[in-house]
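Here are the chains, one letter per residue:
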Amino acid sequence: MSSSPLSRPPSETRLSLSHITAQNETNLLGTVHGGVIMTLVDSVAGVVAARHSGGPAVTASMDEMVFLVPVRVGDVVHFSAQVNWTGRSSMEVGVRITADRWDAVGPQMHVASAYLVFVAVDEEGKPREVPQVVPVTDEDRRRLREAGIRRSHRLARRAAIIASREEAANEEAHGLTAYDEAAYDEAAYDEAAYDKEAPDEGGGRVARS
């Protein structure tokens, strides 16, 4: 494992990869399987993470990947990756995927963008510190800001899921299942409807406002 500086600009470890798609990479619809694209995304992002951290880095999660257009057989797919954000031992790597035809000249299509989180590990597989990414350009700073937003959303989502599971476990411990709670809510609705149309003293019913 090579020694690493305390910080690095994104441009120092940025990487581009091009891949010509083949017939054996298609799905049942005849377009390139999304899993093929995701595998290449993980590969190029992993190289960037290893270069930035100066050693092994493992994929912790793929935060987001949205496919905008399908990739066809014969398309030349381009992957451009760089580190957007760093924590103590983790890094977000952004990958932009574009494509063009192998036998024609034309504008590249934006296929997808993906954001992956990697964790740098030592020889024992334990997390190790990584150099901090230092944005240089306006684009680098934009990527850093948006990566921070995605991280905040990941942490908030995780906290919400944990809270939801704890609440469900607490309800189960007290004998209130989701079905019981739904039945209770329905009964409460019926009671509210009854109260709104209560009988008057003459035996008829008067609607309350």
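Chemist: Any chance you could explain the overall build of the protein chain here in plain terms?
Modeler: A tally of regular secondary structure across the protein chain gives 3 helices and 7 strands. Listing the helices and strands of the protein chain from first to last along the sequence gives β-β-α-β-β-β-β-β-α-α. For the protein chain, buried positions account for 33% of its 209 residues.

Chemist: How do you make sense of the pattern of salt bridges when you look at a structure like this?
Modeler: This structure, assessed with the given rule, holds 10 salt bridges. Aspartate 140 is paired through a salt bridge with arginine 14; the nearest N and O atoms lie 3.6 Å apart. Placement of aspartate 140 in helix H2 (residues 138–173) and of arginine 14 in the loop between strand E1 (7–8) and strand E2 (15–20) is noted, with a sequence separation of 126 residues between them. Take arginine 14: its relative accessible area is 39%, and that puts it in the partly exposed class. In the salt-bridge network here, residues are joined through shared partners; they are Glu139, Arg142, Arg143 and Glu146.

Chemist: What's the story with a nonpolar patch on the surface in this structure? I'm lost.
Modeler: On the surface, a cluster of nonpolar side chains totalling about 240 Å² of accessible area is made up of Met38, Met62 and Phe67. Residue placement: methionine 38 occurs in helix H1 (residues 34–53).

Chemist: Explanation requested: the side chain of threonine 21 in the structure shown.
Modeler: In this fold, threonine 21 is placed in the loop between E2 and H1. In terms of polar contacts, threonine 21 uses its side chain to reach the backbone amide nitrogen of glycine 74, at 2.9 Å. What threonine 21 contacts, discounting residues up to four positions off in sequence, is Val32, Val71, Arg72, Val73, Gly74, Asp75 and Val77.

Chemist: Before we go on, may I ask you to explain the confidence of the model for the protein chain in this structure?
Modeler: Atom-level detail of predicted coordinates should not be read off regions where pLDDT is low. The predicted model of the protein chain averages 85 in pLDDT, with 82% of residues at 70 or higher. Long-range and interchain partners of residues 183–209, a stretch whose pLDDT sits below 50, account for 15 contacts in this model, where long-range means more than four residues apart.

Chemist: What's the story with the pairing of strand E4 (residues 75–86) in this structure? I'm lost.
Modeler: Side-chain positions along a regular strand alternate between the two faces of the sheet. For E4, a buried count of 11 out of 12 residues is recorded, marking the element as mostly surrounded by other parts of the structure. In terms of strand pairing, E2 meets E4 through 6 bridges, oriented antiparallel. When the sheet's bridge partners are listed, serine 16 is paired in E4 with serine 80. Between E4 and the antiparallel strand that follows it, strand E5 (residues 90–101), lie 3 residues.

Chemist: When you look at the environment of phenylalanine 67 in this model, what are you seeing that I'm missing?
Modeler: Take phenylalanine 67: it is sitting in strand E3 (residues 57–67). Along the sequence, phenylalanine 67 and glycine 34 sit 33 residues apart, while their C-alpha atoms lie 8.4 Å from each other. Every residue in contact with phenylalanine 67, bar those within four places of it in the chain, is listed here: Gly34, Ile37, Met38, Val111 and Ala112.

Chemist: Looking at this structure, I do not really get H2. What am I missing?
Modeler: Look at H2: 53 Å from first C-alpha to last across 36 residues, which is about the 52 Å you get at 1.5 Å a residue. Among all positions of H2, only Asp140, Arg143, Ala147, Arg150, Arg154 and Glu171 are buried.

Rules and cut-offs
- Residues numbered from 1 in each chain as written.
- Predicted model: local features only at pLDDT ≥ 70, side-chain atom pairs only at ≥ 80, totals over all residues.
- Heavy atoms only, no water.
- Helix = DSSP H or I, 4+ residues; strand = E, 2+ residues; numbered from the N terminus.
- Buried < 20%, exposed > 50% of the residue type's maximum accessible area, 1.4 Å probe, protein only.
- Salt bridge = Lys/Arg side-chain N within 4 Å of Asp/Glu carboxyl O.
- Patch = residues over 30% accessible without salt bridge, like charges linked within 9 Å, V, L, I, M, F, W, Y side chains within 5 Å.
- Areas by Shrake-Rupley, 256 points an atom, 1.4 Å probe, with all protein chains shown as cover.
- Polar contact = N/O pair within 3.5 Å; in protein donor to acceptor, adjacent residues only side chain to side chain.
- Contact = heavy atoms within 4.5 Å.
- pLDDT = per-residue confidence, 0-100.
- Pairing = 2+ DSSP bridges.
- Expected span 1.5 Å × (residues − 1).

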